[in-house]
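# Topology and contacts: notes
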Amino acid sequence: MTSNLDRVWVDLIPGSLAHYRSSLNACVIDERFVLDQATTVERIASTIVHEATHARLEAWGIVYVEQDRSRIERICMRRELNFLARVSASDSLQAEIGRTIEWYDNNHNQFSDTIFQDREEQGAVETLRHLSVPNWVLRLVLWVIWRRRMRRFTVQAMK
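Below you will find a few notes about this structure. Everything quoted here is computed from the prediction, not taken from an experiment.

What follows covers the packing of helix H2 (residues 41–59) against helix H4 (residues 91–106). Across the interface, H2 lies against H4 with an axial gap of 10 Å and an inter-helix angle of 40°. Here H4 runs oblique to H2, going by the angle between their axes. Regarding H2 and H4, the two cross each other, and that crossing is right-handed. Contacts between H2 and H4 pair Glu 42, Arg 43 and Ser 46 from the former with Leu 93, Glu 96 and Ile 97 from the latter. For the contact of H2 with H4, the per-class residue count stands at two nonpolar, one polar and three charged.

On inspection of all chains with the given rule, the structure shows four aromatic pairs. Arranged with centres 6.4 Å apart and planes meeting at 45°, the rings of Phe 111 and Phe 116 form a pair that is tilted. Taking NZ or CZ as reference, Arg 119 lies 4.9 Å from the ring centre of Phe 116, over its face.

To continue, consider the pairing of strand E3 (residues 26–30). Where burial is concerned, most of E3 is hidden: five out of the five residues are buried. Neither face of E3 is left uncovered, since the one carrying Ala 26, Val 28 and Asp 30 and the one carrying Cys 27 and Ile 29 both have all their residues buried. Summarising the sheet, strand E1 (residues 7–11) and E3 pair through five bridges and their orientation is parallel. Considered in E3, the bridge of Arg 7 is made with Ala 26. As judged from the four bridges shared by strand E2 (residues 18–21) and E3, these two strands associate in the antiparallel manner. Following the sheet pairing, Ala 18 is matched in E3 by Ile 29. Between E2 and E3, which pair antiparallel and follow one another directly, the connecting turn spans four residues, one of which, Asn 25, has a positive phi of 50°.

A general tendency of soluble globular proteins is for nonpolar side chains to be buried together. Counting residues in each nonpolar core, the largest one holds 10 residues, listed as Leu 5, Ala 18, Tyr 20, Cys 27, Ile 29, Phe 33, Ile 44, Ile 48, Ala 52 and Ala 55. Of all the elements, H2 adds the most residues to this core, at four residues. Beyond its immediate chain neighbours, meaning those up to four positions away, Tyr 20 contacts Leu 5, Asn 25, Ala 26, Glu 51, His 54, Ala 55 and Glu 58. Formed by seven residues, the second largest nonpolar core is a distinct cluster that contains Met 77, Ile 97, Tyr 104 and Phe 111.

Strands sit in the order E1-E3-E2 across an open sheet of three strands; the sheet is mixed. Taken across any chain shown, the strands that pair with only one partner, and hence form the sheet edges, are E1 and E2. On average, each strand axis in the sheet is tilted by 25° relative to the strand beside it, whichever way the strands run. The strands touched by H2 are E1, E2 and E3; relative to E2, the strand with the most contacts, the crossing angle is about 30°.

The next subject is helix H3 (residues 69–84). For H3, spanning 16 residues, the distance from its first C-alpha to its last is 22 Å, which sits close to the expected 22 Å at 1.5 Å a residue. Restricting attention to buried positions, one finds in H3 the residues Arg 69, Ser 70, Ile 72, Glu 73, Arg 74, Cys 76, Met 77, Glu 80 and Leu 84. The inward-facing, buried residues of H3 contact H2, H4 and helix H5 (113–130).

What counts and what doesn't
Residues numbered from 1 in each chain as written. Predicted model: local features only at pLDDT ≥ 70, side-chain atom pairs only at ≥ 80, totals over all residues. Heavy atoms only, no water. Axes fitted to C-alpha atoms, helices over the stretch in contact; angles between N-to-C directions. Helix = DSSP H or I, 4+ residues; strand = E, 2+ residues; numbered from the N terminus. Parallel < 35°, antiparallel > 145°, perpendicular 65-115°, else oblique. Left-handed = near helix turned anticlockwise from the far one by under 90°. Contact = heavy atoms within 4.5 Å. Nonpolar A, V, L, I, M, F, W, Y, C, P; charged D, E, K, R; others polar. Phe/Tyr/Trp six-rings, centres within 6.5 Å; stacked < 30°, edge-to-face > 60°. Lys NZ or Arg CZ within 6 Å of the ring centre and 35° of its normal. Buried < 20%, exposed > 50% of the residue type's maximum accessible area, 1.4 Å probe, protein only. Pairing = 2+ DSSP bridges. Core = buried A, V, L, I, M, F, W, Y, C linked by side-chain atoms within 4.5 Å. Expected span 1.5 Å × (residues − 1).

So this is what it looks like as structure tokens:
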């Protein structure tokens, strides 16, 4: 793992629990996930393994594009399972990851650019709420999101 990542950062991430940030060669984990009482050390460790796998795949030239996302995520989840097989008392986490892999097999459409953008936008609003941003700022952000969506739908309709 240390050969695939230079660092692990804890930060606020809109729309996900963790991701690999190639510009930093880092696993970035959302602070709300890390601080959640329900998040175990094993879960954090397996998340780092998952993101390190993204780093390794990218180093091999495997790009995280829409048509390959489901397959790439399943690869990363299987690496988590391999890691957790060596961790005691991780049976429930292994079962959860197994269910997630099965879900990925049946929900390829959840990896589209549009779904990712929607998740990012909703995550931005949730992050601003977490930071206790005033309601008028949230309304402005929601308006900007709405305008971007309308522009995107207009462009798609013209194609």
